[in-house]
Amino acid sequence: MKELNQKIRIAIVLDQNDANAHDLILKTFFESEITEIFTPVVYGSLPMLKQESSRLQIRYNVLTVGNASQADPDALNFVDTTGRNTVDIVKREFEADLLDAFIVVPMSKEVVNQLRNVVIPNPVLERKDNDTKAVPLMCTNQLHVAYVTENKENIAGITTDSIENKARILHSTLRRDLRQDNPRVAVLSYHPEIVADEKSIEIQVIAPAISKLVNSGIPVFGPYSYADFFESGKHLNFDAVLTMTREQAQAPFLSLYDGNGIALAAGIAPLVVSPVKLDGDNNATEDSFRESIYMVIDIFRSRYFFDLPYVNPLPKMYHERREDGDKARFAVKKRFGDNDQKDGDKQEQKNADNKPAENKSENKEA
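Along every chain, residues carry numbers that run from 1 in the direction the sequence is written. In view of the model being predicted, local features appear only for residues whose pLDDT reaches at least 70, and side-chain atom pairs are presented and counted only at 80 or more, with totals across whole chains, interfaces and linings using the full set of residues. The side-chain numbers reported here are obtained from all heavy atoms of the structure, hydrogens and water having been left aside.

## A few points about the confidence of the model for the chain
Thought 1: Residue-level confidence of the predictor is summarised by pLDDT, bounded by 0 at the bottom and 100 at the top. Per-residue pLDDT for the chain has a mean of 83; in total, 81% of the residues score no lower than 70.
Thought 2: Starting at the N terminus, helices and strands are each numbered in turn, a helix being any DSSP run of H or I of at least four residues and a strand any DSSP run of E of at least two. Model confidence for the chain, summarised as mean pLDDT per element, is weakest for helix H10 (residues 338–365) at 52 and strongest for strand E8 (residues 185–188) at 97.
Thought 3: Between residues 125–131, whose pLDDT stays under 50, and residues either more than four places distant or in other chains, the model counts 18 contacts.
Thought 4: Contact criterion: two residues are considered in contact whenever any of their non-hydrogen atoms come within 4.5 Å of each other. Scored below 50 in pLDDT, residues 326–332 makes 9 contacts in the model with residues more than four places away or belonging to other chains.

As structure tokens, then:
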């Protein structure tokens, strides 16, 4: 496990053909003080970076390196991947334990799903989550929203099992990544208003999923009517919200947070974050990019403290009878003198049993 006194090494993966992504690097790292809190290793197109530097008239001050092993902890390191597969390069260096986390600019579902298959160096916990696709969790300081299906027309994708699976991943992510001890999750309806029909999706599908989650000990509430949930401020009473469609999840970010947010890839082992701007062009802003950096650092520390108790767990103090047959259940040795104490107790009990008989014989002689 990486120690907290070491700088976290964050891979910033850029689309080689995206000028806005390279602009963010120039604008964000114009003040070099930000490299004091982490070690950035940027993977992108160096010709594109030079072109945008000339256009914006911002001097780029980067250290060009061949790979992450050559990165300077106190500099902005840049790996030129022009004409090469950036994701493959990043995956190899992550598995070589040269990187700790990813920031993908712009948000790319394809890139995130490729990164989910990387092997975690020196895993601490059991990693069974790589078999599932990443669940996008859209975040701000006050709002965390996940959704069940990408397309609102894909009502067949909204099932009791899919809702239960997404809610469990959301609950686990809130606890491990966002340090919520007992997170409360609200589940919203598919229709704007809850339909009072026994055949509606709210009653047939969503309500049974909530019941199963509650019975398993996960604090999930709902379904709530989607129409006025965010406008009325009900979301402030919960740690996260699970909507049925992506469109429902994006709406509060557009109306309440000007479209700015951060997408966390929940449900997969690697730490992958993307800054998002829901403006149609998906061009992230400097503020969301900086927030994504801070979020990665916070989540990395949160995972450290969450995983720490599992590093050296206490050994079992007893053996199960079904495993050991006629062996004693408790493997702890008896304390010294226990047998002597038991023998003394038996002798005292024997004396007590004999005492009434002696008294009877004395009375008979008298």
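## A short note on the nonpolar core
Thought 1: The definition of a nonpolar core used throughout is a set of buried Ala, Val, Leu, Ile, Met, Phe, Trp, Tyr and Cys residues joined through side-chain atoms within 4.5 Å. Burial status follows relative accessibility: with a 1.4 Å probe on protein chains alone, a residue under 20% of its type maximum counts as buried, one over 50% as exposed, and anything between as partly exposed. With 60 residues, the main nonpolar core has Ile12, Ile25, Phe29, Ile163, Leu242 and Phe289 as its most contacted residues.
Thought 2: The element best represented in this core is helix H8 (residues 286–307), accounting for 7 residues.
Thought 3: Setting aside chain neighbours within four positions, we find Phe29 in contact with Ile12, Ile34, Thr35, Phe38, Pro40, Leu76, Phe289 and Ile293.
Thought 4: Counting 24 residues, the second-largest nonpolar core is a separate cluster that includes Ala11, Val13, Val79 and Val90.

## Overview of helix H1 (residues 19–28)
Thought 1: Most of H1 is tucked away: 7 of the 10 residues are buried.
Thought 2: Taken residue by residue, H1 has Ala21, His22, Asp23, Leu24, Ile25, Leu26 and Thr28 as its buried positions.
Thought 3: Its buried side turned inward, H1 meets strand E1 (9–14), strand E2 (39–44), helix H2 (46–56), strand E4 (77–80), strand E5 (101–105) and H8.
Thought 4: Where H1 begins, the side chain of Asp18 points an oxygen toward the backbone nitrogen of Asn20, at a separation of 2.9 Å. Definition of a polar contact: a pair of N or O atoms within 3.5 Å, with one able to donate and the other able to accept a hydrogen when the atoms are protein atoms, and with sequence-neighbouring residues admitted only if both atoms are side-chain atoms.

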